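Summary of the model geometry
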Amino acid sequence: MRTDERLAIELPGLKLKNPVMPASGCFGFGDNRYAEMFDLNELGAIIIKAATLKPRIGNPVPRIAETKSGVLNAVGLQNPGVDVILKEKLPVLHKKYPELPIIANVAGATQAEYVEVAKRLSESGMVSALELNISCPNVHEGGMLFGTDPVIAQRLTQAVKEVSRVPVYVKLSPNVTDIVAIAQAVAAGGADGLSMINTLLGMRINLKTRSPILGNKTGGLSGPGIKPIAVRMIYQVSRAVDLPIIAMGGIETADDVLEMYMAGASAVAIGTAHFNNPTACPDLIRELPQKMDELKIDSLSELITEVRGAQ
Amino acid sequence: MLTKNDFQIIEQQELAHDIYRVILHGEFNYAGVKPGCFVMLKLPDEAYQLRRPLAIAACDSVQKTITLIYRIVGDGMRLLSKLAVGTIVNILGPLGNGFSLENVDVGTEVLLVGGGTGLPPLMMLAQVLKEKGCRVSTAVGFRTASMIFGETEFERSGQLLLATDDGSRGFKGNVGELLASQTTVSKYTNVYACGPEGLLKMVQTRFVPTETAIYLSLEGRMACGVGACEACVVSTGEGTFNKCVCVEGPVFNGREVIL
């Protein structure tokens, strides 16, 4: 695929030929059958599935429920654990796509666990950055608890920054009253960037059984229905905190990507859109230049300067 | 090879109460289709964020058609049932491992056990097994007579035993009770089953103590169909990690999978 220089972006630890990457949890470790449908080298980067210290079996099924313009999921950070990821998953991905920047998503039940996982992944030499997951709504210990209290979020960010050899992006939860306060706290903790937003806590009930559809009862809502919330939060945070933002939350089209940029984003991650359109990422990469022509946008980096510089 | 291609609806018919058959014409990897494989169908309405996993009931690589049979279980499937001939829908596939056809030969005794919407993949399987010269018996269960479909197809492939919960047709009771009522029990080389969890558990209970190979096709609520989202998992016992129904199944060894 032709590299369009107008799409190139530089962020801490990440030299991206375009700003489009699959979001964590929607693309495994690049080891699923989506990879048969396009060359992963086309991607700007990939954010791999969350890693925890020990293997996690995840939540009981059903783990997924559809809602109009959205999807609820409660997978519960199922993953084989950081050891297997370092031994089996990352080397395969890195060897197959040596030019593809990898962002590793880090999760844990305790601060010590986050620190240990972050340390090991960042020392692997295979990841360009970490995404600190303080916002998973589907686990009962850790997860979102770290992302809803500014003091705890700052302390965790600081502790991870002390051990990490690569830049750290903190993934924020929208399930808070004031996301700016959390963003400021992780910035004070030394975060190199933010990624936002994670899913919104939701629930659906089965009318026949009269009980929640999801095995975990609650789940995280994603998809185009949450996009306006993401746009609003990115807009607020980008005006208060001087950190680059990887935007996510219902992005499906090139218009959505540019809307996120105009809110204050520097790159975008695609999640739910894959399920209807497995080639959502390469499609966006192809559509972006044309949309930029229409809107008279010379380059994405100029757009960032224009939006963030004006703040 | 996995593709997402546009297919055109060339036939749409109600087979029984709330049960529809849609025949689609289009290009994909027909050579890769085995009985038990499925596709993910994208509904032509952007409000639906998830494709629907549907088993392939028949497949014609010459005419380039696939047949899907589905029950109206929600708004999405109702929408599909209202799509007219000529409508284009997008198909991701073929997906899944399909039923094992190992150890089947001329004269091999095989049993197919199905209930409700578990029947479509067994319809394709019955035909393939018959072509291989197997002696095919099928035991199927429905809630009531108005929901029966697939009779002709299964009868064409061999013996059909039919049960309805309310006794409005055939044996009164479920498929498990139907099988238990049989006075002469054949020694099956393979048993293949697809249907509700209770039916699959019954097949396990009945055949695990025997030498019959057991193949169970599972349903799972899934988002991706390709092993990316890890929503449709099933356990295969202690010391093993969760398996994805979409890529490591939907057909599993009935002696390994824990329902």
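As the structure is a computational prediction, the values presented were derived from the model and not from experiment.

The next point concerns the UniProt feature "binding site: FMN" (unreviewed entry) in chain A. When the UniProt feature table is mapped onto this chain numbering, "binding site: FMN" (unreviewed entry) sits at Ser24(A), Lys49(A), Ala50(A), Asn105(A), Asn133(A), Lys171(A), Ile197(A), Gly223(A), Gly249(A), Gly250(A), Gly271(A) and Thr272(A). Lining the largest cavity, from this annotated set, are Ser24(A), Lys49(A), Ala50(A), Asn105(A), Asn133(A), Lys171(A), Ile197(A), Gly223(A), Gly249(A), Gly250(A), Gly271(A) and Thr272(A). Examined against the element boundaries, Gly223(A) turns out to sit in the loop between strand S14 (218-222) and helix H5 (227-240). Those residues in contact with Gly223(A), other than ones at most four positions away along the chain, are Ser69(A), Gly70(A), Gly249(A), Gly250(A), Thr272(A) and Gln49(B). Topologically, Gly271(A) is positioned in the loop between strand S16 (267-270) and helix H7 (273-276). Ignoring sequence-local partners within four residues, the contact set of Gly271(A) consists of Ala23(A) and Cys26(A).

In this section: the sheet that holds strand S6 (residues 88-95) of chain B. Residues and elements named next belong to chain B. Read around the barrel, 6 strands follow the order S1-S2-S5-S4-S3-S6 and close on themselves; strand pairing throughout is antiparallel. Averaged over all pairs of adjacent strands, the angle between their axes in this sheet comes to 45°, without regard to strand direction. Across 4 bridges, strand S3 (residues 38-42) lies against S6 in antiparallel orientation. Considered in S6, the bridge of Leu 41 is made with Ile 91.

Let's shift gears to the UniProt feature "binding site: substrate" (unreviewed entry) in chain A. Residues and elements named next belong to chain A. Here, the residues flagged by UniProt with the feature "binding site: substrate" (unreviewed entry) are Lys 49, Asn 73, Ala 74, Val 75, Gly 76, Leu 77, Asn 133, Asn 198 and Thr 199. The subset of these annotated residues that lines the largest cavity comprises Lys 49, Asn 73, Val 75, Gly 76, Leu 77, Asn 133, Asn 198 and Thr 199. Excluding residues that lie within four positions of it along the chain, Asn 73 makes contacts with Arg 63, Ile 64, Asn 138, Thr 199, Gly 219 and Gly 220. Engagement of the side chain of Asn 73 in a polar contact is seen with the backbone nitrogen of Val 75, the distance being 3.3 Å. If we skip the residues at most four places from it in the chain, Leu 77 touches Lys 49, Ala 50, Arg 56, Ala 107, Asn 133, Cys 136 and Val 139.

Opposite the 30 residues of chain B that make contact, chain A presents 39 residues. The junction of chain B with chain A conceals about 2900 Å² of combined surface from both sides, 56% of it contributed by carbon and sulfur atoms. If you sort the residues of chain B by the area they bury against chain A, Gln49(B), Arg221(B) and Phe241(B) come out on top, with a joint share of 24%. The interface formed by chain B and chain A contains 2 salt bridges.

When the UniProt feature table is mapped to this numbering, "binding site: [2Fe-2S] cluster" (unreviewed entry) covers Cys224(B), Cys229(B), Cys232(B) and Cys246(B). With the annotated positions falling across 23 residues, the maximum pairwise C-alpha distance of 10.1 Å places them together in a single cluster. Considering only the residues just annotated, the largest cavity is lined by Cys229(B). The residue Cys224(B) is located in the loop between strand S12 (213-217) and strand S13 (233-234) in this model. Non-local contacts of Cys224(B), meaning those with residues more than four positions away in its chain, are made with Tyr34(A), Phe275(A), Met40(B), Leu92(B) and Cys229(B).

Moving on, we get to the nonpolar core. The biggest cluster of nonpolar side chains holds 144 residues, and the ones touching the most others in it are Leu121(A), Leu130(A), Ile134(A), Leu172(A) and Val113(B). If you count residues domain by domain, this core takes at least three from each of domain 1 (3-95) and domain 2 (109-217) of chain B. Leu172(A) has contacts with Ile134(A), Ser135(A), Ile179(A), Ile182(A), Ala183(A), Val186(A), Leu194(A), Ser195(A), Met196(A), Ile197(A) and Asn198(A), leaving out every residue within four places of it along the chain. If you look at the next biggest cluster of nonpolar residues, it comprises 28 residues, including Leu119(B), Ala126(B), Val136(B) and Ile148(B).

Cut-offs and rules
- Residues numbered from 1 in each chain as written.
- Chains lettered and ligands numbered in written order.
- Predicted model: local features only at pLDDT ≥ 70, side-chain atom pairs only at ≥ 80, totals over all residues.
- Heavy atoms only, no water.
- UniProt positions renumbered as here; feature names shortened; annotations may be inferred.
- 1 Å grid on protein atoms, 1.4 Å probe; cavity = no way out; pocket = protein on both sides within 12 Å on 5 of 7 lines; lining within 4 Å.
- Helix = DSSP H or I, 4+ residues; strand = E, 2+ residues; numbered from the N terminus.
- Contact = heavy atoms within 4.5 Å.
- Pairing = 2+ DSSP bridges.
- Axes fitted to C-alpha atoms, helices over the stretch in contact; angles between N-to-C directions.
- Polar contact = N/O pair within 3.5 Å; in protein donor to acceptor, adjacent residues only side chain to side chain.
- Buried area = accessible area lost by both parts, 1.4 Å probe.
- Salt bridge = Lys/Arg side-chain N within 4 Å of Asp/Glu carboxyl O.
- Core = buried A, V, L, I, M, F, W, Y, C linked by side-chain atoms within 4.5 Å.
- Buried < 20%, exposed > 50% of the residue type's maximum accessible area, 1.4 Å probe, protein only.
- Domains from an automatic or database assignment.

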